[in-house]
Amino acid sequence: RHYPGPSDTEKVPSSGSTALVESKEPYFPVLSGYPCELFRNEYLAWCGAVQLPSDHPDVGKTVVDLTGQLIVHGGLTIAAPKSGRIQFDCNHASTDLVPYASFVSSQNDAKRIGNLASAGAL
């Protein structure tokens, strides 16, 4: 899938890492020796995923198992025990600026109101 907006990463100061050398999404850097994926979800919020090697001690653990052991922004979103993929997102209303969230929210509100009106509830 294509997620618009990769140019914003070109404007952010780098930590010196050359892991993100192209401006195409998703990004597939290798960080601390782990294959990663950085992408935007349907709200255009950034998400990150790490693929653990099959012999890693955290493979097979769930989000509940890993809570408190791994500290990531907003907590883990997904831990796929069979595949060893862990994921987090930056789609938290109180801490993150999510470009598309307010638009989707207003669209959902309009649908709810429209459904109520057509059902005669208003």
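Quick note: structure is the one above.
Fair warning: this is a prediction, and the values are worked out from it, not measured in the lab.

Draft legend 1. Representation of the side chain of Q87 in the model. Looking at the secondary structure, you find Q87 in strand 5 (residues 85–89). Given the relative accessible area of 14%, Q87 is considered buried. Once you skip the residues sitting within four places of it in the chain, Q87 turns out to touch F39, G48, A49, L76, T77 and I78.

Draft legend 2. Layout of the sheet that holds strand 4 (residues 78–80). Sheet architecture is open: 5 strands sit in the order 1-2-3-5-4, paired in antiparallel fashion. A strand with exactly one partner marks an edge of an open sheet, and here the two such strands are strand 1 (30–31) and strand 4. Where strand 1 meets strand 2 (residues 34–40), 2 bridges bridge the pair, whose relative direction is antiparallel. If you follow L31 over to strand 2, its bridge partner there is Y34.

Draft legend 3. Just the packing of aromatic side chains, in detail. With the rule as written, the count across this model stands at 1 aromatic pair. On the numbers, 6.0 Å between centres and 25° between planes, the contact of Y27 with W46 is stacked. Here W46 lies in strand 3 (residues 46–51) and Y27 lies in the loop between helix 1 (7–11) and strand 1, a separation of 19 residues in the sequence. The buried category is assigned to Y27, whose relative accessible area is 4%. The class of W46 is partly exposed, set by a relative accessible area of 23%.

Draft legend 4. Representation of the pattern of salt bridges. Overall, the coordinates contain 2 salt bridges when judged by the stated rule. Of the charged contacts, one joins E37 and R85 as a salt bridge, the two residues approaching to 3.1 Å between their closest N and O atoms. Of this pair, E37 sits in strand 2 while R85 sits in strand 5, placing them 48 residues apart in sequence. For E37, a relative accessible area of 18% gives the class buried. A salt bridge links D58 to K61; its shortest N-O distance comes to 3.2 Å. Look at D58 and you get buried, because its relative accessible area is 14%.

Draft legend 5. Representation of the environment of E37 in the model. Here the alpha-carbon distance between E37 and V50, two residues 13 residues apart in the chain, equals 6.6 Å. Once residues lying within four places of it in the same chain are set aside, the contact partners of E37 are P26, Y27, F28, C47, G48, A49 and R85. A distance of 3.1 Å separates a polar atom in the side chain of E37 from a polar atom in the side chain of R85.

The rules behind each value
- Residues numbered from 1 in each chain as written.
- Predicted model: local features only at pLDDT ≥ 70, side-chain atom pairs only at ≥ 80, totals over all residues.
- Heavy atoms only, no water.
- Helix = DSSP H or I, 4+ residues; strand = E, 2+ residues; numbered from the N terminus.
- Buried < 20%, exposed > 50% of the residue type's maximum accessible area, 1.4 Å probe, protein only.
- Contact = heavy atoms within 4.5 Å.
- Pairing = 2+ DSSP bridges.
- Phe/Tyr/Trp six-rings, centres within 6.5 Å; stacked < 30°, edge-to-face > 60°.
- Salt bridge = Lys/Arg side-chain N within 4 Å of Asp/Glu carboxyl O.
- Polar contact = N/O pair within 3.5 Å; in protein donor to acceptor, adjacent residues only side chain to side chain.

All we've got here are geometric facts, nothing functional implied.
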